[in-house]
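Architecture and fold: a report
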Amino acid sequence: MKILVAVKRVIDYSIKVHVKSDGSGIDFSGVKMSINPFDEIAIEEAVRLKEKGIASEIVAVSIGEKTCQESLRTALALGADRAIHVETSFETQPLCVAKALKALVERENPRLVILGKQAIDDDCNQTGQMLAALLSWPQGTFVSRLNVKEDEIEVVREIDGGLETLKMSLPAVVTTDLRLNEPRYATLPNIMKAKQKPFEILGEDVLGIDLKPHLKTLCVAEPPKRQAGIKVTTVDELIDKLQNEAKVI
Amino acid sequence: MSLLLIAEHDHETIAPATFAVLTAAEKFSVPIHVIIMGSSCQKVTEEISFYENVEKVWIVENQALSHFIPENMVNTLLELAKGYKFILAPSTTFGKNLLPRLAALLDVAQISDVIEIQDQNKFVRPIYAGNALATVTSEDAIKVLTVRPTAFEKAKKGSLKAPIELYPFVPPSIRGLTFVKKEESSAERPELTNASIVVSGGRGLQSKDNFALIEDLADLLGAAIGASRAAVDAGFVPNDYQVGQTGKVVAPTLYIAVGISGAIQHLAGMKESKVIVAINKDPDAPIFQVADYGIVGDLFTILPELTAKMKTVMKN
Ligand SMILES: Cc1cc2nc3c(=O)[nH]c(=O)nc-3n(C[C@H](O)[C@H](O)[C@H](O)COP(=O)(O)OP(=O)(O)OC[C@H]3O[C@@H](n4cnc5c(N)ncnc54)[C@H](O)[C@@H]3O)c2cc1C
Ligand SMILES: Nc1ncnc2c1ncn2[C@@H]1O[C@H](COP(=O)(O)O)[C@@H](O)[C@H]1O
C-alpha cells in the first residue's frame, strides 16, 4: 500500500513569533524553521506502517517555496522513500494545497493520505477535510489511533466530548492528532542516506492547478498584551483578592 | 442574501457554542437561517426557533445523520448552501470536521476560528497560537466561516417562534463508513468551554491520583477541569481536557492554573480568561506573566490549603 504524507514547513513551535512593525505580516528573518509538528507525527505513522509491512512506499509532498525542500529532506531522513516538491511563490492556503494534493493523488494513486490536523502557523485545520471532499474519500480527522486492516481502517478520533471510533474503507484521508505517536529523530546515517533518495520538483503548470490564494490578509497585528498581575504570598491573601478585588468568588 | 448557520446539538440540547455563533451571525445584518441536521431533531429545532434574530429553521432528519458524520451531511448542505452568501459554524471539533468539507465542494476558501467580524467581508482571526491577529478578506462569492465561540456572547432567547421548514435529506456519495462507538468523558462537571470557573492541572501534578486535588477544588467551586498537554499525554486526564492551541479554547471568569508552566501553546487556549490565578513553584514560570494573581510555592501544600479555606468561604 502506498501512502502519501503532506509536510508543511513552518516556524518552529518553540519560537515566539514577532509581527513586523508595519503590520504587513510575521517577521521571518533569522527564525528557525521546522516541519509542522503534526506532520512529523504523520510521517512517523507512515513509517511505522511500513515497518509493520502494511505500507510499501511512502511519498512525502510539500507545496511552497524552494526552502521547503529542506523539510522534505528531513522527511526522507525520517523514513519516507520519495519526495515531491510542488514549487510556488504564493502563500499556500488550504483549498489550494488540497487541490495540489488531489492532483498528486491522481498521479500517484496512494491508498492512504496522512496530513497533520493543523498547521501551527495558520492554525487553519482545513486541508485534510478539503482534500477528502475533493477526492470523494472518507476522512478520519484528529486521529489518535489508527488501525489498518486489509481494505479498511479503524480510527479513534479526539473530539470535544471524548473519543469517537469510526471504520472506513480505503482509500481514505487521515489527519493526525498529537497523541497518535511520538516521532523519532533522524539519525546521521539516515540523513546521509536521504540524499540519495528520489526527489522530484514540479511546477503548478505541470499539475494543471491554480495556487492563487482566495483569501487576502489586510494586516497582521500583535494581540493586546495582558498585564502581568501581582504575586501573593499566602492562600488567605489569594482568597481575599479573589473575593474583594476581582470579585469572582 | 441570507446567512446559514449550522447548529451543533446532541439531539437533546443545542450546544452552547451555537448561540455564540448566532451572536456573530447578527453582525452580518442579513436574515439568519439555522439548519438542524440529525436523526430526531424536533426538540432541538423547537429550542433554537425561539432565539432572537433567527428567521427560519431548516430541519433535516435521517438515520444516517445520527452521529454527525460530515460525509453524510455534506450533500444536503451543498444543495442548500448555494442559496446563501454566508455560512457559519462553531470552531468546535464538530465544525472543524464538517465545514472545510463543505467549503471545498463549494470551491471556496474557509476562514477558520474568527474572533471578530468587522464587516461583511473583513474578519479577524488568530494565527501562530494567538501570537498574532490577522485581518482577512475573501474573494469568494460565498463566505464560509468557523467562529470561535469564546469570542462572542451567547445570543438570548426571544419570545417569537421562527418558522420551521423541512428540507429533504440528500444521500451521501460515500459508502463504507461506519460509526463504531463514542467514549464520552464524564458529564458530571460543567463542560470545559462553557464553565465560568476552570481549574487546570499540569505536569506538576505528577500523577493521575494527584489530580484528585484538582477535582476537589473544582467540585467545590462548581468548576470544570482543564489540563495542559503534558498532563493529558501522561494520562492524568482524558484528551478532551486539553486547553490550548490544539486543544480547547476557554475564556472563563476565573482560570486557576496549577503546576502549569505556561507554554505559548497553552496560553493560546486560556489567556482571554477574565481572571487568571497561577500556582507554581518556579517564580520564573511564564504563566506568571499572564496571571492576575500568582502564588509561588509547592502545589501539594497550597492546593489542599486553598480547598480547605475555600470550603469555609463558600459556606458563608
Ligand atoms: C504542536 C504542539 C501543540 C501543542 N499544543 C498544546 C496545547 O494545546 N495545550 C498545552 O497545554 N500544551 C500544548 N503543547 C505543549 C506545550 O508546548 C508544553 O509542552 C506544555 O503545555 C507543558 O505542560 P505543563 O505546563 O503541564 O508542563 P511543564 O512545562 O513541564 O510545566 C510543569 C510546571 O509545573 C511546575 N511544578 C512542578 N512541580 C510543582 C509543584 N510541586 N508545585 C508547584 N508547581 C510545580 C513547574 O515549575 C513547571 O512550571 C503543544 C506543543 C506542540 C509542539
Ligand atoms: N503547503 C503545504 N504543503 C504540504 N502540506 C501542507 C501544506 N499546507 C498544509 N498542509 C497539510 O495540511 C495540514 C493542515 O494544514 P492547515 O489546514 O493549513 O491547518 C498540515 O498539517 C499539512 O499536513
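Look up a bit, the structure's there.
So, a few notes on the structure that sits alongside this text.

The rules behind each value
Residues numbered from 1 in each chain as written. Chains lettered and ligands numbered in written order. Predicted model: local features only at pLDDT ≥ 70, side-chain atom pairs only at ≥ 80, totals over all residues. Heavy atoms only, no water. Helix = DSSP H or I, 4+ residues; strand = E, 2+ residues; numbered from the N terminus. Buried < 20%, exposed > 50% of the residue type's maximum accessible area, 1.4 Å probe, protein only. Contact = heavy atoms within 4.5 Å. Areas by Shrake-Rupley, 256 points an atom, 1.4 Å probe, with all protein chains shown as cover. Lys, Arg positive; Asp, Glu negative; His and termini not counted. Charge placed at Lys NZ, Arg CZ, Asp CG, Glu CD. Axes fitted to C-alpha atoms, helices over the stretch in contact; angles between N-to-C directions. Parallel < 35°, antiparallel > 145°, perpendicular 65-115°, else oblique. Left-handed = near helix turned anticlockwise from the far one by under 90°. Nonpolar A, V, L, I, M, F, W, Y, C, P; charged D, E, K, R; others polar. Pairing = 2+ DSSP bridges. Core = buried A, V, L, I, M, F, W, Y, C linked by side-chain atoms within 4.5 Å. Salt bridge = Lys/Arg side-chain N within 4 Å of Asp/Glu carboxyl O. Near = heavy atom within 4 Å. Polar contact = N/O pair within 3.5 Å; in protein donor to acceptor, adjacent residues only side chain to side chain. Patch = residues over 30% accessible without salt bridge, like charges linked within 9 Å, V, L, I, M, F, W, Y side chains within 5 Å. 1 Å grid on protein atoms, 1.4 Å probe; cavity = no way out; pocket = protein on both sides within 12 Å on 5 of 7 lines; lining within 4 Å. Points joined across faces, edges and corners; volume = space filled by probe spheres on them. Sits in = over half its atoms within 2 Å of the grid points.

Concerning the overall build of chain B
Looking only at helices and strands, chain B features 8 helices and 16 strands. Over its C-alpha atoms, taken along the principal directions, chain B stretches across nearly 60 × 45 × 40 Å. Within chain B, the fraction of its 316 residues that count as buried is 62%. A separation of at least 24 residues holds for 66% of the contacts in chain B among residues at least 6 apart in sequence. Here chain B has roughly 12100 Å² of accessible surface; of this, 50% comes from carbon and sulfur atoms. Measuring between centres, the 29 positive side-chain charges of chain B sit 1 Å from its 35 negative side-chain charges.

Focus: the overall build of chain A
Along chain A, the regular secondary structure elements total 7 helices and 13 strands. When its C-alpha atoms are laid out on the principal axes, chain A stretches across 65 × 45 × 40 Å. Buried residues in chain A amount to 57% of all 249 residues. Of the contacts formed within chain A by residues at least 6 apart in sequence, a portion of 69% connects residues at least 24 apart. Surface summary for chain A: the accessible area is close to 10700 Å², and the carbon and sulfur share equals 50%. Where the 33 positive side-chain charges of chain A centre and where its 37 negative ones centre are 2 Å apart.

What about the packing of helix α3 (residues 70–81) of chain B against helix α4 (residues 93–106) of chain B?
Residues and elements named next belong to chain B. One can describe the packing of α3 onto α4 by two numbers: an axis separation of 9 Å at closest approach and a directional angle of 50°. Of the possible angle classes, the one that applies to α3 and α4 is oblique. Judged by the twist between their axes, the crossing of α3 over α4 is right-handed. In contact with Pro70, Glu71, Met73, Val74, Leu77, Leu78 and Ala81 of α3, α4 contributes Phe94, Asn97, Leu98, Arg101, Leu102, Leu105 and Leu106. Its residues assigned to classes, the contact of α3 with α4 comprises 11 nonpolar, 1 polar and 2 charged.

Description of the sheet that holds strand β16 (residues 293–296) of chain B
One open sheet accounts for 6 strands, arranged β13(A)-β16(B)-β15(B)-β14(B)-β12(B)-β13(B); its pairing is parallel. Among the strands making up the open sheet, the edge pair consists of β13 (230–232) of chain A together with β13 (224–227) of chain B. Averaged over all pairs of adjacent strands, the angle between strand axes in this sheet comes to 20°, irrespective of strand direction. Those strands touched by helix α7 (residues 235–245) of chain A are β13 of chain A together with β14 (254–258), β15 (275–280) and β16 of chain B, and its axis lies near 175° from that of β16(B). Contacts between helix α8 (residues 299–315) of chain B and the sheet are confined to β14, β15 and β16 of chain B, with β15(B) contributing the most and set at about 135° to the helix.

Topic: the nonpolar core
Counting residues in each nonpolar core, the largest one holds 58 residues, and the members touching the most others are Leu101(A), Ile6(B), Ile35(B), Ile87(B), Leu102(B) and Leu106(B). The leading source of residues in this core is helix α3 (residues 94–108) of chain A, at 9 residues. Setting aside chain neighbours within four positions, we find Ile87(B) in contact with Leu4(B), Ile6(B), Ala81(B), Leu99(B), Leu102(B), Leu106(B), Ile142(B), Lys143(B), Val144(B) and Leu145(B).

Structural notes on the pattern of salt bridges
All told, the structure shown has 36 salt bridges over all chains when counted by the stated rule. Close ionic contact of Lys149(A) with Glu154(A) constitutes a salt bridge, the shortest N to O distance being 3.9 Å. For Lys149(A), a relative accessible area of 41% gives the class partly exposed. For Glu154(A), a relative accessible area of 19% puts it in the buried group. Across the salt bridge formed by Lys161(B) and Glu46(B), the nearest N and O atoms sit 3.1 Å from each other. Separated by 115 residues along the polypeptide, Lys161(B) in the loop between β9 (143–147) and β10 (164–166) and Glu46(B) in helix α2 (residues 42–49) bring together distant segments of the chain. A relative accessible area of 34% places Glu46(B) in the partly exposed class. A single salt-bridge network, built from bridges that share partners, covers Lys2(A), Glu57(A), Arg82(A), Arg107(A), Glu108(A) and Glu200(A).

Looking at the environment of Asp107(B)
Its location among the elements puts Asp107(B) in the loop between α4 and β5 (110–114). Residues Asp107(B) and Lys143(B) lie 36 residues apart in sequence; the distance between their C-alpha atoms is 11 Å. Aside from chain neighbours lying at most four places away, what touches Asp107(B) is Leu95(A), Lys99(A), His214(A) and Asp140(B).

Describing the site of ligand 1
Residues in contact with ligand 1 amount to 29 residues; listed here are only the nearest, Arg203(B), Ser228(B), Val243(B), Ser261(B) and Asn280(B). More than one chain reaches ligand 1: its neighbouring residues belong to chains A and B. The separation between a nitrogen atom of ligand 1 and a polar side-chain atom of Thr246(B) is 2.8 Å. At 3.1 Å from an oxygen atom of ligand 1 is found a main-chain nitrogen or oxygen belonging to Gly259(B). Relative to its unbound accessible area of 990 Å², ligand 1 is 86% covered by the protein chains.

Here we look at a nonpolar patch on the surface
There is a patch of nonpolar side chains on the surface, built from Leu188(A), Ile191(A) and Met192(A) and spanning about 290 Å² of accessible area. Examined against the element boundaries, Leu188(A) turns out to sit in helix α5 (residues 188–194).

Some remarks on the side chain of Lys2(A)
Residue and element names in this part refer to chain A. Summarising the element assignment, Lys2 is placed in strand β1 (residues 2–6). A relative accessible area of 18% places Lys2 in the buried class. Polar contacts involving the side chain of Lys2 include one to the side chain of Glu108, which spans 2.7 Å. Ignoring anything within four residues of it in the chain, the contact list for Lys2 reads Ser56, Glu57, Val59, Arg82, Glu108, Pro110, Arg111 and Leu112.

Concerning empty space enclosed by the protein
All names here are of chain A. Counting across every chain of the model gives 2 cavities of 30 Å³ or more. Estimates place the volume of the largest cavity at around 280 Å³. Taken together, 24 residues line the largest cavity, and the ones lying closest to its centre are Lys8, Asp39, Val97, Ala119 and Thr127. When contributions to the lining of the largest cavity are tallied by element, the ones reaching two or more residues are β4 (57–64), α3, β6 (112–116) and α4 (127–135).

Overview of the site of ligand 2
Residue and element names in this part refer to chain A. In the vicinity of ligand 2, 20 residues are found, and the nearest of them are Asp39, Ile63, Ala119, Asn125 and Thr127. In the environment of ligand 2, an oxygen atom lies 2.5 Å from a nitrogen or oxygen atom belonging to the side chain of Asp39. Backbone polar atom of Ile63 to a nitrogen atom of ligand 2: 2.7 Å apart, as the coordinates give it. Considered on its own, ligand 2 offers 480 Å² of accessible surface; in the complex 99% of this is hidden by protein. One can see that ligand 2 is located within the largest cavity. Sorting the residues of the shell around ligand 2 by element identifies β4, α3 and β6 as the ones contributing at least two each. Among the elements that make up the shell around ligand 2, the one with the highest residue count is β4 (3 residues). Tallied by class, the residues present in the shell around ligand 2 amount to 9 nonpolar, 8 polar and 3 charged.

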